[in-house]
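Architecture at a glance
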Amino acid sequence: MRAPPCAHGAALPLVCALLALAVLAPLLRPGFVLVHDMVFTPRQPLLPASFGLGSALPRAVPVDAVVGLASLVVPGEVVQRLALAGAVFGAALGAGRLVPTTSTGVRIAAATAYAWNPLVAERLFLGHWTLLLGCAALPWVAAAALRVRRQERGALAGLVLASLPALLSAPGGLLALGVALALAGRRAAPALLALAVALNAPWWVPSLLRADPALSDPAGVAAFAARAENWGGPVLSVLGLGGIWNADVVPVSRANPALPVLTVALVAAALAGLRVLARRWGRSPVAGLAALGATGVLLAVLAVLPGGADLLRWASAHVPGAGLLRDAQKWVAWWALPFALGFALAVETARERVRGRASAAVAAAGALLPIALLPDLAWGGFGRLEPVRPPADWTAVHAVLAHDPRPGDVAVLPLSAFRRFAWNDGRTQLDPAPRFLPRTTITDDSLRVGGVVVGGEDERAARVGALLREDGDLTAAGVGWVLVEHGTPGPLPRRTLARLERVFDGPWLTLYRVPGAVGAGPGGPAAAPVALSWAAAWAVICAALLWRGLPVGRFGLRPRPGTATKE
C-alpha cells in the first residue's frame, strides 16, 4: 500500500504556484474582493458571536474568531490573499504529492484536475473560501490517513494538523472526517471519531445549546438543489464537479454542448485509473475512497432524485442541523479527490502505451485538459474577482460605535442578507456590517433564491425585523443603534427612522441612535460549555504539535511485528 517515493524537484510546486497565480492574479492589486459570501475587512472584530456565544446559529464559528485573531497581526487584505492562495496552491500541491507515481507529469495532471475544476470555480465565485480551504486539506488528510492505516509513528498527530484548514467551517470538518475514515481503516475509526468530536466542538456545542431548534425552511430544498449546467442534466453536471444551485456563478464554459459527452469519458477514465490506484494503495482504502466519492455525488443530487426532495424537506422541518444538507452540492468535494487521482493515473496508463515525444505530449495534454475545459476560471473568472476599497463611511461608523459608551446592538437596514453597492460595481455581496463593526449586528438571514424566499433561522433577527416594520420598541430587543446602508436595493421603515437620533450621515451609511433605555438582548449559549469546547479543540491541536515536535514518544500507532500493511 506504500506509495512510490515522490520525485524531488521544484517542477510540481512551481506549477501549483502558477495555477494559483493564474486564478488569483487580480488580487495583486490592493483592496478587498467582496463577492457573495466572501467578506473581509481591515480588522475583523472579535465578538461573542465569533466564538459561538451569540444568539444566532454559529455558522461562522470558528472561522470568524480565527480571521479576527489573524487580522490583529496582519491586515485583512493579507489574510484574504493568504487564504485564497493557500486554497488553490494547497489543493494542487496536495493532490500532486498524493498520487502514487514517480512521474512529475502525472503529478501535475492530478494537481490541475483537483485545483482547476468547476467545484473550485463555482465556490470561489460564490465566495465560499472556507469550503475551498477544506477541499485543499483533503489530499493532505488522505496522505496522513494512509500513514495511520500503516500504523506509523506520529500519524494521528499528523492527521490532526493536516485537518486544520478544513476545521474552519462545519462542512470542512465533516469533509475531512469522511476522508480520514475512508482511508485510515476500521481499527482507527474510534480514535478518529473522538478526535473529530473534540476538534469540531467549537461549532457543534453552541449549536446544541441553542434554546430554539436549528430547523431550516423546507423551501430551501428546491432553491438549493443541484441544477443542470447543460443538456446533460444535473447528475452529469455533478459528476463533472459542477451543478451548483446559483446560476450567477456558473462559468460560461459549462454550457459547452460537448461537455456531457466529455464528462462521461472523464468519469470512465477516472474509474479506470482507480483500478491502478487499488494496485498501489491496496483494494480496501481505494474502495473506501470510491464509496466516499459515490456518497458525495448521491448527497449532491438527492434533491433531484425521486423521493429525495420529500426526504430532505421532512428533515429540514423536523431534524435540527439538517440545514447542512441544504446546499448539498458541496459534498461533491468527496468525489473530486478520487476523480483527480483516477484521472491522473489514467493519463499515466495512456502515457505508458506510447513512446518518445508522444509520451510527453500525452502527459502535457492530461495536465492542460482541465484548463482547456474551464478557461474562464483564469484571471479571477475574467473579472469576477476585482479588489475594491470600502468607502470611508465604514471607518467613520466603526469609530463612533467603538467610542460611544451607549450600550445596545446594531440593527442593519435594508432588511436583506445581501447587498449590491455601486462602489463594488454592483456585485452581489454579503452585508459587511457583521465583520466590520465592533458591536453585535442584527441582519436578516432569510434568502431570496430566484423567486423563492427561504426563511431564516435566527428568531431574534425575525423579531427585530417585525419591530422595524411596525415601529415597535427596538430597545426592548436590545437594539441601541440602527445602521442604514445606502445605494443597495431594499425598502426602509421611514416612520421608525424619523423618531431616531441621527449620529452620522454619509453618502453610503447613516447611523442612528435609538432613544430610551436599552434592555438586554437575548442571551446566547452558556459560556462555560462553549469555553470547554474551545479548550478541548485547542488541547488536541497543542498535543499534536507537541508530539510532532518531540524527538521521542511520537503520538501515533506503531506497527506490530509481522503485521501486514494491507487490509
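Since the model is a prediction, treat every value here as computed from it, not as a measurement. Residue indices begin from 1 for each chain and proceed along its sequence in written order. Under the rules for a predicted model, residues below a pLDDT of 70 receive no local features and side-chain atom pairs below 80 are neither given nor counted, while totals for whole chains, interfaces and linings still include all residues. Here the side-chain values reflect all heavy atoms present in the structure, with hydrogen atoms and water set aside.

1. Focus: the side chain of Arg 123
Under the DSSP-based scheme used, a helix requires at least four consecutive residues in state H or I and a strand at least two consecutive residues in state E, with every element numbered from the N terminus. Positionally, Arg 123 belongs in helix α5 (residues 118-125). In the analysis that follows, any N or O atom pair within 3.5 Å is treated as a polar contact, provided that within protein one partner can donate a hydrogen and the other can accept it, and provided that, for residues neighboring in sequence, both atoms belong to side chains. Side-chain polar atoms of Arg 123 contact the side chain of Asp 327, separated by 2.7 Å. Contacts are assigned to residue pairs that have any heavy atoms within 4.5 Å of one another. Among residues more than four places away in sequence, those in contact with Arg 123 are His 128, Leu 131, Leu 132, Ile 244, Asp 327, Gln 329 and Lys 330.

2. Remarks on the confidence of the model for the protein
The pLDDT score gives, residue by residue, the confidence of the prediction method on a 0 to 100 scale. Within the protein, residue pLDDT values average 92, and 96% of them lie at 70 or more. Contacts of residues 552-567 to residues separated by more than four positions or lying in other chains number 33 contacts, the stretch itself having pLDDT below 50.

3. What about helix α1 (residues 11-24)?
Here, expected helix span is obtained from the residue count minus one, scaled by 1.5 Å. Under the 1.5 Å per step criterion, the end-to-end length of α1 is 20 Å for 14 residues, consistent within 8% with the ideal 20 Å. Remark: exposure states derive from per-residue accessible area (1.4 Å probe, protein chains only) relative to the maximum for the residue type, with buried under 20%, exposed over 50%, and partly exposed in between. For α1, every residue scored as buried is listed here: Leu 12, Cys 16, Leu 19, Ala 20, Val 23 and Leu 24. Seen from one end, α1 has its buried residues packed into an arc of 110°, which puts them on one side. As for α1, its buried residues are in contact with α3 (76-98), α4 (104-115), α5, α17 (357-373) and α18 (378-383). Regarding the arc, it is the one traced by the directions from the helix axis to the C-beta atoms.

4. Side note on unusual backbone geometry
Glycine aside, residues mostly have negative phi angles, and peptide bonds mostly take the trans form. Here the bond from Val 61 into Pro 62 is cis, since omega is 5°, no more than 30 degrees from zero. As for its placement among the helices and strands, Pro 62 is situated in the loop between α1 and α2 (63-73). For the bond running from Leu 413 to Pro 414, omega is -5°, close enough to zero to count as cis. The residue Pro 414 is located in the loop between β1 (409-413) and β2 (418-420) in this model. Phi is positive for His 36, close to 45°, though the residue is something other than glycine.

5. Some thoughts on the packing of α1 against α4
Taken N-terminus to C-terminus, the directions of α1 and α4 make an angle of 25°; their axes are 10 Å apart at the nearest point. Taken as axis vectors, α1 and α4 run roughly parallel relative to one another. Between α1 and α4 lies a crossing of right-handed hand. Of the residues in α4, those touching α1 at Ala 11, Leu 12, Val 15, Cys 16 and Leu 19 are Thr 104, Arg 107, Ile 108, Ala 111 and Thr 112. When its residues are assigned to classes, the contact of α1 with α4 shows 7 nonpolar, 2 polar and 1 charged. Lines fitted to the C-alpha atoms define the axes, with helices restricted to the stretch that makes contact. Angles between their N-to-C directions range from 0 to 180 degrees. When describing relative orientation, an angle under 35 degrees is termed roughly parallel and one over 145 degrees roughly antiparallel, while 65 to 115 degrees is termed roughly perpendicular and anything else oblique. The sense of a crossing depends on the near helix, which, turned anticlockwise from the far helix by less than a right angle, makes the crossing left-handed and, turned clockwise, makes it right-handed. All amino acids are sorted into three groups, where Ala, Val, Leu, Ile, Met, Phe, Trp, Tyr, Cys and Pro are nonpolar, Asp, Glu, Lys and Arg are charged, and the leftover types, Gly among them, are polar.

6. Examining the packing of helix α14 (residues 283-301) against helix α16 (residues 333-352)
Remark: α14 packs on α16, axes separated minimally by 7 Å, with the N-to-C direction vectors making an angle of 130°. Relative to α16, α14 is oriented oblique. Where α14 crosses over α16, the handedness of that crossing is left-handed. Taken together, the residues of α16 that come into contact with α14 (itself represented by Leu 289, Leu 292, Gly 293, Thr 295, Gly 296, Val 297 and Leu 299) are Trp 334, Trp 335, Leu 337, Pro 338 and Leu 341. For the contact of α14 with α16, the residue count by class is 9 nonpolar, 3 polar and no charged.

7. Some points on the nonpolar core
In this description, a nonpolar core means a group of buried Ala, Val, Leu, Ile, Met, Phe, Trp, Tyr and Cys residues linked to one another through side-chain atoms lying within 4.5 Å. In terms of nonpolar packing, the biggest core is built from 140 residues, with Tyr 114, Leu 124, Trp 129, Trp 281 and Leu 483 touching the most fellow members. No other element matches the 14 residues that helix α6 (residues 129-149) contributes to this core. Listed in part, the 17 residues of the second largest apolar core include Leu 413, Ala 477, Val 479 and Val 514.

8. Structural notes on the sheet that holds strand β9 (residues 509-513)
Here, a strand pair is defined by DSSP locating no fewer than two bridges between the strands. An order of β4-β1-β7-β9-β8 is seen for the 5 strands of this open sheet, with the pairing classed as mixed. With partners counted over all chains shown, the strands left at the sheet margins are β4 (441-442) and β8 (501-505), one partner each. Relative to strand β7 (residues 479-485), β1 runs parallel, the two sharing 5 bridges. Note on β7: the bridge partner recorded for Val 412 is Leu 483. Helix α19 (residues 392-403) contacts β1, β7, β8 and β9 of the sheet and is inclined by roughly 15° relative to β9. Along the sheet face, helix α21 (residues 459-470) touches β1, β4 and β7 and points at about 65° away from the line of β1.

9. Observations concerning the pattern of salt bridges
One side chain can pair with another of opposite charge once the charged atoms of both are near each other. For this document, the term salt bridge refers to a Lys or Arg side-chain nitrogen within 4 Å of an Asp or Glu carboxyl oxygen. Taken as a whole, this structure holds 17 salt bridges when the rule is applied. Beyond isolated ion pairs, a larger network of salt bridges with shared partners links Asp 404, Glu 501 and Arg 513.

10. A word on the packing of aromatic side chains
Within a pair of aromatic rings, the relevant descriptors are the distance that separates the centres and the angle that separates the planes. Aromatic rings from Phe, Tyr and Trp, with only the six-membered ring used for Trp, were paired whenever their centres fell within 6.5 Å, and each pair was classed as stacked if the ring planes differed by under 30 degrees, edge-to-face if by over 60, and tilted otherwise. The full count for this structure, using the stated rule, is 7 aromatic pairs. Aromatic pair Phe 224 and Trp 245: ring centres 4.6 Å apart, planes at 75°, arrangement edge-to-face. Here Phe 224, found in the loop between α11 (219-223) and α12 (233-239), pairs with Trp 245, found in the loop between α12 and α13 (259-281); they are 21 residues apart in sequence, far enough to count as distant. Look at Trp 245 and you get buried, because its relative accessible area is 17%. Aromatic side chains Trp 335 and Phe 339 sit 5.6 Å apart centroid to centroid with 65° between the ring planes, which places their arrangement in the edge-to-face category. With Trp 335 and Phe 339 both in helix α16 and 4 residues apart, this pair spans about one turn of that helix. Residue class for Phe 339 comes out buried when judged on its relative accessible area of 9%.

11. Details of the environment of Leu 467
Tracing the backbone shows Leu 467 in helix α21. Taking the relative accessible area as the measure of exposure, Leu 467 reaches 16% and is therefore buried. Contacts of Leu 467, omitting those with residues within four sequence positions, involve Gly 472, Asp 473, Leu 474, Ala 477 and Thr 496.

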